[in-house]
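Fold and contact review
The primary structure of each chain is shown beneath.
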Amino acid sequence: MATGPLSARQPAAEDIKAVPVRHPGRWVAAALVALIAVSIVHSMATNKNFGWSDVGHYLFDARITGGVVTTIELTLAAQAIGVVLGVLLAVMRLSPNPLVSGGSWLYVWFFRGTPVIVQLTFWYVGISALYPTINLGIPFGPQFIHINANAAISGFTAIVLALGLNEAAYMSEIVRAGIISVDEGQTEAAHSLGMTRLQTMRRIVLPQAMRVIIPPTGNETISMLKTTSLAIVAAGTELFAESQNISNANFEIIQLLIVASLWYLALTSVLYVGQYYLERYYARGSSRELPPTPWQKIRRGVFSFGHDPVALGELGAPRHESNPFMP
Amino acid sequence: MTEPMVKAEGVHKRFGRLEVLRGISLEVGRGEVMCIIGPSGSGKSTFLRAINHLEKINRGRLWVDGSLVGYVQRGEKLHELRDAEVAKRRAEIGMVFQRFNLFPHKTALENVIEAPRLVRGVSKSQAVADATALLDRVGLSDKLASYPSQLSGGQQQRVAIARALAMKPKLMLFDEPTSALDPELVGDVLDVMRDLARDGMTMVVVTHEMGFAREVADKLVFMDGGVIVEAGDPREVLASPQHERTRLFLSKVL
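Notes on the structure follow. (Residues numbered from 1 in each chain as written. Chains lettered and ligands numbered in written order. Predicted model: local features only at pLDDT ≥ 70, side-chain atom pairs only at ≥ 80, totals over all residues. Heavy atoms only, no water.)

1. Quick word on the overall build of chain B
Secondary structure summary: chain B contains nine helices and 12 strands in total. Relative to the compact-globule value of 18 Å for 254 residues, chain B shows a C-alpha radius of gyration of 18 Å, a close match. Split into buried and exposed, the 254 residues of chain B put 54% on the buried side. Across chain B, the fraction of contacts at a sequence separation of at least 24, relative to all contacts at a separation of at least 6, is 63%. Of the charged side chains in chain B, 36 are positive and 33 negative, and the gap between their average positions amounts to 6 Å. (Helix = DSSP H or I, 4+ residues; strand = E, 2+ residues; numbered from the N terminus. Rg over C-alpha atoms; globule rule 2.2 N^0.38 Å. Buried < 20%, exposed > 50% of the residue type's maximum accessible area, 1.4 Å probe, protein only. Contact = heavy atoms within 4.5 Å. Lys, Arg positive; Asp, Glu negative; His and termini not counted. Charge placed at Lys NZ, Arg CZ, Asp CG, Glu CD.)

So, in structure tokens, the structure goes:
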């Protein structure tokens, strides 16, 4: 007589060892990708027109490395202006006063609505034509400081101003989205503890908004790094302009484009790492436990061979904290 | 005659055309515990939030410890208080929210020391000592370095209570402090509140915990439709409600 389904057979008291599902499609796709990659590398290595030895020759040329330094300076200065002004514009945009929020809206409308190369040219040639001297003082009243615009706004200043002011428009939208993403209960809790609006924004809302703000800001910084190449229209001396200067003289156009590309790739890679650690920093408390960094993974792989790496408790959070059955 | 800690006279609040509070008058004496009960949408949370000016009232008067909430009277006219002055008054009133509203980017200890450091300018060592004592008092001395996401709801709410107490408030407001908790975690939070009441803290508690109200409250208020339907000694109101509306509500929740 057949037994009932429940008493059919006790499941074995050992871990399941099942035959995994095979994925032949994945193997085919992987082989295709590998084939394409190998053929590209092969053609690049064997094609003499690439002139790799010349690329190597110019990679650390003093003019190129000088250009790299200028590119970094331009990126940092312009992005700094963009972030600071962007936060200001975002806070203005959220102001209850319509003139203040309207002013912020108008700024964003203008700087997002015109091409950055037009703005750049404008700052380089337009400003000193419109305002030969810049007067600072009381509007419609006495002026105290007189600046010769041509002398004050050098190529470098014009580029930083143009890129920074343009960036601020984009950053303000990013910051605003971050601020809005923070739960209103946070503001209420801070207010109920006696914090002023400014204290609440600085200590409670902005640090939490950073989680939303950082990833697109990293994106913007990478974009900024490459946009600095537009400085070539303003007699810039950054990486792309320098590489063009050299190739204009020796006609090794391809080689110098490769040199510039390699440097841009190297610089953006550095930014990737920076963004990764910034994101991690601002993710504090957002999940129960942060995943290990690549560096932590390597260290554990080396030093904790044979142990459960997570139980070593290298991360801030004790793992079994809320488990009452753990000693 | 000592002044009551909270005094409301004909308080009205409108959201657009919706009248949420339609003339609330009550008094909470010093050291008293008042529980406010009522169906959702009855305006009880709005009234609680009005006490520390998270909601602006449209009509009537509201005093905490003798001073008007959110305004100052000069002659006939009411003048709105500046942000810094509103903040100063709020610092004296602790508030505990249904959804805890802990600062997720700060540890339990950092949550508690934040406001004393920032608002009162307490030294770091002093703030940490106070906060450690408070977290110990709510039974969380082993959770100082935990982030809110690593704590259970009941633990988070107890951190929130410690955070409010760190400002040494003269009045504590509780907005359904146990409504978002698993049933088995409610008891720990109520224990902390019971201790607080025993120590003489003035408390206004919006709650659905009738047992707590019966045991701890000095006064029970039943609100519905933006008005106080019935108020009095909690044991009497709960045992023999005088109004049909109260009777109906209690029959559903008890």
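Next, the rest of the story.
2. Thoughts on the packing of helix 3 (residues 62-93) of chain A against helix 7 (residues 155-181) of chain A
All names here are of chain A. One way to put it is that helix 3 packs onto helix 7 with a least axis distance of 5 Å and a crossing angle of 45 degrees. When the axes of helix 3 and helix 7 are compared, the pair comes out oblique. The two elements helix 3 and helix 7 meet at a crossing, and its hand is right-handed. The residue inventory of the contact of helix 3 with helix 7, partitioned by class, reads 19 nonpolar, six polar and five charged. (Axes fitted to C-alpha atoms, helices over the stretch in contact; angles between N-to-C directions. Parallel < 35°, antiparallel > 145°, perpendicular 65-115°, else oblique. Left-handed = near helix turned anticlockwise from the far one by under 90°. Nonpolar A, V, L, I, M, F, W, Y, C, P; charged D, E, K, R; others polar.)

3. Let's talk about the pairing of strand 2 (residues 18-28) of chain B
Regular strands have side chains that alternate between both faces of the sheet. All names here are of chain B. As paired elements, strand 1 (residues 6-15) and strand 2 share eight bridges and run antiparallel to each other. Along strand 2, the bridge assignment pairs Lys7 with Glu27. The antiparallel hairpin formed by strand 1 and strand 2 contains two residues in its connecting segment, where Gly16 sits at a positive phi of about 65 degrees. (Pairing = 2+ DSSP bridges.)

4. Some details on the pattern of salt bridges
Counted under the stated rule, the structure contains 24 salt bridges over all chains. One salt bridge in this structure joins Glu173 of chain A and Arg176 of chain A, with 3.3 Å as the shortest N-O distance. Of this pair, Glu173 of chain A and Arg176 of chain A both sit in helix 7, three residues apart, which is roughly one turn of the helix. For the salt bridge of Asp224 of chain B with Arg245 of chain B, the shortest nitrogen-to-oxygen distance reads 2.4 Å. Residue Asp224 of chain B is located in strand 11 (residues 219-224), and its partner Arg245 of chain B is located in helix 9 (residues 244-253); the two are separated by 21 residues in the primary sequence. Overlapping salt bridges bring together Arg30, Asp65, Glu92 and Lys170 of chain B as one network. (Salt bridge = Lys/Arg side-chain N within 4 Å of Asp/Glu carboxyl O.)

5. Some points on helix 3 (residues 108-120) of chain B
All names here are of chain B. Here helix 3 contains 13 residues, and its C-alpha end-to-end distance of 19 Å stays within 8% of the 18 Å for a straight helix at 1.5 Å per residue. A maximum bend of about 30 degrees is found in helix 3 at Glu114, where proline Pro116 lies one to four positions downstream. Considered for burial, the residues of helix 3 that qualify are Ala108, Leu109, Asn111, Val112, Ile113, Glu114, Ala115 and Pro116. Looking one or two residues beyond helix 3, the residue adopting positive phi is Gly121, at roughly 70 degrees. (Expected span 1.5 Å × (residues − 1). Bend = angle between axes of the 7 residues up to and from the residue.)

6. Here's the deal with the packing of helix 3 of chain A against helix 10 (residues 239-250) of chain A
Residues and elements named next belong to chain A. Where helix 3 meets helix 10, the axes come as close as 7 Å, and the angle between the chain directions of the two elements is 155 degrees. What the angle tells us is that helix 3 and helix 10 run roughly antiparallel. The two elements helix 3 and helix 10 meet at a crossing, and its hand is right-handed. Two secondary-structure elements touch here, helix 3 through Arg63, Ile64, Gly67, Val68 and Thr71 and helix 10 through Leu239, Glu242, Ser243 and Ile246.

7. Quick look at the sheet that holds strand 5 (residues 67-68) of chain B
In space, the four strands of this open sheet follow the order 2-1-4-5 (chain B), with antiparallel pairing throughout. The strands lining the two open edges of the sheet, one partner per strand, are strand 2 and strand 5 of chain B.

8. Notes on the pairing of strand 6 (residues 71-74) of chain B
Residues and elements named next belong to chain B. Pairing between strand 6 and strand 7 (residues 77-80): four bridges, direction antiparallel. Each bridged residue has a counterpart across the sheet, and for Val72 the counterpart in strand 7 is His79. Between strand 6 and strand 7, which pair antiparallel and follow one another directly, the connecting turn spans two residues, one of which, Gly75, has a positive phi of 65 degrees.

9. So, the interface of chain B and chain A
Counting residues at the interface gives 29 residues for chain B and 25 residues for chain A. Summed over both partners, the interface of chain B with chain A buries about 2,500 Å², with 52% contributed by carbon and sulfur atoms. In terms of surface lost to chain A, no three residues of chain B exceed His105, Leu118 and Gln150 of chain B, which account for 24% of the buried area on that side. At the boundary of chain B with chain A, the tally comes to three salt bridges. Across the pair Glu114 of chain B and Arg203 of chain A runs a salt bridge, and its minimum N-O distance is 2.7 Å. Inspection of the region where chain B meets chain A yields six residue pairs in polar contact (both at pLDDT 80 or more). (Buried area = accessible area lost by both parts, 1.4 Å probe. Polar contact = N/O pair within 3.5 Å; in protein donor to acceptor, adjacent residues only side chain to side chain.)

10. Focus: a nonpolar patch on the surface
Residues and elements named next belong to chain A. Taken together, the side chains of Tyr272, Val273, Tyr276, Tyr277, Trp295 and Ile298 present a nonpolar region at the surface, about 660 Å² in accessible area. Of all the elements in the fold, those that place two or more residues in the nonpolar patch are helix 11 (253-282) and helix 12 (294-303). In this fold, Ile298 is placed in helix 12. (Patch = residues over 30% accessible without salt bridge, like charges linked within 9 Å, V, L, I, M, F, W, Y side chains within 5 Å. Areas by Shrake-Rupley, 256 points an atom, 1.4 Å probe, with all protein chains shown as cover.)

By themselves, these observations are geometric and do not establish any function.
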